[in-house]
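Tertiary structure, described
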Amino acid sequence: MQKEQLRSQEWFGKKGKDGFIYRAWMKNQGIPSHQLNGKPVIGICNTWSELTPCNAHFREIAESVKNGIYEAGGFPVEFPVMSLGETLMKPTAMLFRNLVSMDVEESIRANPLDGVVLLCGCDKTTPALVMGACSVDIPTIVVSGGPMLTGKHRGKDIGTSDIWNFFEDNRSGLMTDEELYVAESCLARSRGHCAVMGTASTMACMVEALGLSLADNAAIPASDSRRKALAHLSGNRIVDMVREDLKPSQILTRQAFDNAITVNAAIGGSTNFIIHLLAIAARIGVDLNIDDFNTLDKGVPLLANLQPSGKYFMEDFYYAGGLPVLMKELQSHLHNEAITVSGKPMSANYEDCDCFNTDVIGSMSSPFNTTAGIVVVKGNLCENGAVLKPSAATSALLQHRGKAVVFENIEDYRLKIDDPELDVEEGDVLVLKNVGPRGYPGMPEVGNMSIPKKLLDKGIRDMVRISDGRMSGTGFGTVVLHVSPEAAVGGTLAVVLNGDMITLDVANKSLTLELSDEEILTRKANLNPGDHIVARGYTHLYQKHVEQAHLGADFDFLKGSSGSKVVKDSH
Ligand code: FES
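Summarised in this report is the structure supplied together with it. What you are looking at is a predicted structure, and each value in this text was computed from that prediction instead of being measured. (Residues numbered from 1 in each chain as written. Predicted model: local features only at pLDDT ≥ 70, side-chain atom pairs only at ≥ 80, totals over all residues. Heavy atoms only, no water.)

For helix α5 (residues 125-134), a buried count of ten out of ten residues is recorded, marking the element as mostly surrounded by other parts of the structure. For α5, every residue scored as buried is listed here: Thr125, Thr126, Pro127, Ala128, Leu129, Val130, Met131, Gly132, Ala133 and Cys134. Packed against the buried residues of α5 are β1 (41-46), α4 (97-110), β3 (115-120), β4 (140-144), α8 (199-210) and α12 (272-284). (Buried < 20%, exposed > 50% of the residue type's maximum accessible area, 1.4 Å probe, protein only. Helix = DSSP H or I, 4+ residues; strand = E, 2+ residues; numbered from the N terminus. Contact = heavy atoms within 4.5 Å.)

So this is what it looks like as structure tokens:
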């Protein structure tokens, strides 16, 4: 791209007072004039924060990206955006995903950037940054922070998924508080995000499958030196992407989204993938809907033997060959010609790779599991859909009829779940209301409710659970999530009562509340969907504008793009 065509030259190439001010204040950082004189200016959008432990190493990653940008003849400028740490933020990091996407979008558009590198790690940081960048659409590449090393505890490999078992063991007396205290030092033993195929790793695989990152981005451990090398190469590449004017809208085609959905099935990816991919598609203008995620009957097997659906960890996945090997195996189900940030077709990412451990990455002829992907169920309990991940469920429960045991909200659930008087039996269906986008608000990861203590003590480890919330990508169980419409907007979920019969029929993709339409309407007459909205602040904006889960839970006014043009100067 010629100097005159660079977006940054609308700032640094300007004559007069505006140009003077734009350049003069940059120079207070010791930047010599030639750096602002026609080099591609590359933003490094950094979600570093000590409150986001998964991203706490991102200053070092940013240095590697900068080295690559300088080497390729660009000029890097690092800028912070709000960071979302999954473990600390209350009431849930998801409440702020759309806010961060707005921060990212406006930060990119308002500044003299020709291209941008997105540093993504902990769960929501990836979709938030990609959503924001899509709504500007200048050349963009993603560098993920990489997973932690596998946790080691008493001779066993552990990861985030083990937390659920630890706490069920603790509740049932199999693990003491002291043993739990020891385990917490063994789990997160290095830099990086969760070491299993949870949401962060799913998101890292998603960007690689979409073509938004270089090959191998998904799995290189955070503390492996090759993570920094990848960051350096991504810095090299973004400068060329600016010269080629290769934008997200050219990469994120319908074919790219299809590839991501197929790959998500084969890796056993998180159910959160659905909500984030729907939101990204709506930003870039690709027509995608929740039924497109119904991969169960598309013949895509589960190839990755990774927790929570399998046994191994992201570190093992990388050493076995990582996502390129898995995608090579999946070739017959992929659009291999889809263009990636490399400027080459997707097939170039995996044409020269080999599998080094077939127990970790299976083949199409010998997969880890023939059941893969996500099933979208519909019915009078979820007219717009709900989702379930069969590979993380108990197969005997995928066809199940049971009596509802209802929790009106998260407080009600916490109060009752360990109550010995709770009227619940093994075959019942646990129903949790008001944990959806508007109701909670923010749609937290509480959908994989604990098993009631009185049943846990009898050795019961799974039940059908239904809610309008989400589940951690590290979680498992026969859990129906993302019920839409949610209870707080007057969905049928709101009127389920203790003792109502519910049928889950995964084979026929249905979820049914056994009540007549007339009875449901009668019960709904008493609802007041407006009474969840708080009076002020960001939460007010969120509750007023958040869409339902089946649309991606983005704000209704953020769909699409406003482009990268800014016609008014600032002085
Ligand atoms: Fe950050 Fe799991 S807590 S990725």
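Past the structure itself, the notes keep going.
With that out of the way, let us pick up helix α3 (residues 58-71). Helix length check: α3 (14 residues) gives 20 Å between terminal C-alpha atoms against 20 Å at 1.5 Å per residue, within 8%. Listed as buried for α3 are Phe58, Ile61, Ala62, Ser64, Val65, Lys66, Gly68 and Ile69. Buried residues along α3 sit in contact with β1, β2 (75-80), β3, β4 and α9 (225-244). One or two residues past the end of α3 sits Gly73, with phi positive at roughly 95 degrees. (Expected span 1.5 Å × (residues − 1).)

This next bit is on the nonpolar core. Counting residues in each nonpolar core, the largest one holds 126 residues, and the members touching the most others are Phe257, Leu277, Phe317 and Leu326. Ranked by the residues each element gives to this core, the list is headed by α12, at nine residues. Excluding residues within four positions of it along the chain, Phe317 makes contact with Met197, Cys205, Ala219, Leu306, Gly322, Leu323, Leu326, Val360 and Ile361. By size, the runner-up hydrophobic cluster in this structure holds 29 residues, among which are Cys382, Leu398, Leu493 and Val496. (Core = buried A, V, L, I, M, F, W, Y, C linked by side-chain atoms within 4.5 Å.)

As for its placement among the helices and strands, Thr340 is situated in the loop between α14 (322-329) and β7 (375-379). Accessibility expressed as a relative area gives 1% for Thr340, which makes it buried. A distance of 2.8 Å separates polar atoms of two side chains, one belonging to Thr340 and the other to Ser342. Once residues within four sequence positions are removed from consideration, Thr340 is found in contact with Gly211, Leu246, Ile251, Pro345, Met346 and Asn349. (Polar contact = N/O pair within 3.5 Å; in protein donor to acceptor, adjacent residues only side chain to side chain.)

This part takes up the sheet that holds β1. Backbone hydrogen bonds are what pair the strands of a sheet, in a parallel or an antiparallel way. What the four strands build is an open sheet, ordered β2-β1-β3-β4; its pairing is parallel. The open sheet has two edge strands with one neighbour each: β2 and β4. With strand direction ignored, the average angle separating the axes of adjacent strands in the sheet is 20 degrees. Sheet analysis places β1 next to β3, joined by five bridges and oriented parallel. What sits directly across from Cys45, in β3, is Leu118. (Pairing = 2+ DSSP bridges. Axes fitted to C-alpha atoms, helices over the stretch in contact; angles between N-to-C directions.)

It is worth spelling out the pairing of strand β10 (residues 429-432) at this point. Residue alternation in β10 divides its side chains into two sets, Val429 and Val431 and Leu430 and Leu432, and both sets are buried. Where β10 meets strand β11 (residues 464-467), four bridges bridge the pair, whose relative direction is parallel. From the neighbouring strand, Leu432 faces β11, where its bridge partner is Ser467.

Residue position: Phe476 is located in the loop between β11 and β12 (479-484). Judged by relative accessible area, which is 28%, Phe476 ranks as partly exposed. Linking Phe476 and Asp462, residues 14 residues apart in sequence, is a C-alpha distance of 9.1 Å. Among all residues touching Phe476, those that are not within four sequence positions of it are Ser161, Trp164, Asn165, Pro308, Ala392, Asn448, Arg465 and Met471.

Where helix α6 (residues 162-171) contacts helix α7 (residues 177-187), the axes come no closer than 10 Å and their chain directions differ by 170 degrees. One finds that α6 runs roughly antiparallel with respect to α7. Along the contact surface, α6 presents Ile163, Phe166, Phe167 and Asn170, while α7 presents Asp177, Leu180, Ala183 and Leu187. (Parallel < 35°, antiparallel > 145°, perpendicular 65-115°, else oblique.)

To continue, consider the pairing of β3. A large share of β3 lies buried, amounting to six of its six residues. Side-chain alternation along β3 places Gly115, Val117 and Leu119 on one buried face and Val116, Leu118 and Cys120 on a second face that is also buried. Pairing of β3 with β4, which is carried by five bridges, proceeds in the parallel orientation. Bridge pairing links Leu118 to Val142 in β4.

Another point: the packing of aromatic side chains. Counted according to the given criterion, the structure contains eight aromatic pairs. On the basis of an interplanar angle of 85 degrees and a centroid distance of 5.5 Å, the ring pair of Phe407 and Tyr413 is categorised as edge-to-face. Comparing Phe407 with Tyr413 shows no difference in burial state: the two are buried. Residues Tyr538 and Phe555 carry aromatic rings whose centres are separated by 6.2 Å and whose planes lie at 55 degrees to one another, so their mutual orientation is tilted. Remark: Phe555 occurs in the segment after α18 (537-545) and Tyr538 occurs in helix α18; sequence separation between them is 17 residues. One exposure class covers both Tyr538 and Phe555, and it is buried. An aromatic cluster of three or more residues is present, and its members are Phe96, Tyr538, Tyr542, Phe555 and Phe557. (Phe/Tyr/Trp six-rings, centres within 6.5 Å; stacked < 30°, edge-to-face > 60°.)

Our focus in this paragraph is the state of the cysteines. Tallied over the full model, the rule gives zero disulfides. Cys120 takes part in no disulfide bond, and the closest cysteine sulfur, belonging to Cys45, lies 7.4 Å away. Given the relative accessible area of 0%, Cys120 is considered buried. Here Cys355 stays free of any disulfide, with the sulfur of Cys353 as its closest cysteine sulfur at 9.0 Å. (Disulfide = S-S within 2.5 Å.)

α9 packs onto α3 with a crossing angle of 40 degrees between their chain directions and a minimal axis gap of 7 Å. Judged on the interaxial angle alone, α9 and α3 are oblique. In terms of crossing hand, the pair formed by α3 and α9 is right-handed. Residue-level inspection shows Glu60, Ile61, Ser64, Val65, Asn67, Gly68, Ile69 and Glu71 of α3 in contact with α9, the latter providing Arg227, Lys228, Ala231, His232, Gly235, Asn236, Ile238 and Val239. The residue makeup of the contact of α3 with α9, split by class, is six nonpolar, six polar and four charged. (Left-handed = near helix turned anticlockwise from the far one by under 90°. Nonpolar A, V, L, I, M, F, W, Y, C, P; charged D, E, K, R; others polar.)

A word on unusual backbone geometry. A cis geometry characterises the amide bond from Gln307 onward to Pro308, with omega recorded as 10 degrees. With respect to the element layout, Pro308 can be found in the loop between α12 and α13 (314-320). Going from Tyr440 to Pro441, the amide bond is cis rather than trans, its omega being -5 degrees. Residue placement: Pro441 occurs in the loop between β10 and α16 (453-456). Positive phi, normally seen in glycine, also occurs at Arg154, with a value near 50 degrees. Among the secondary structure elements, Arg154 is positioned in the loop between β5 (151-153) and β6 (156-158). The residue Met443 is not glycine, and still its phi comes out positive at about 55 degrees. By the secondary structure assignment, Met443 is in the loop between β10 and α16. Among the residues examined, Met443 registers a relative accessible area of 0% and is labelled buried.

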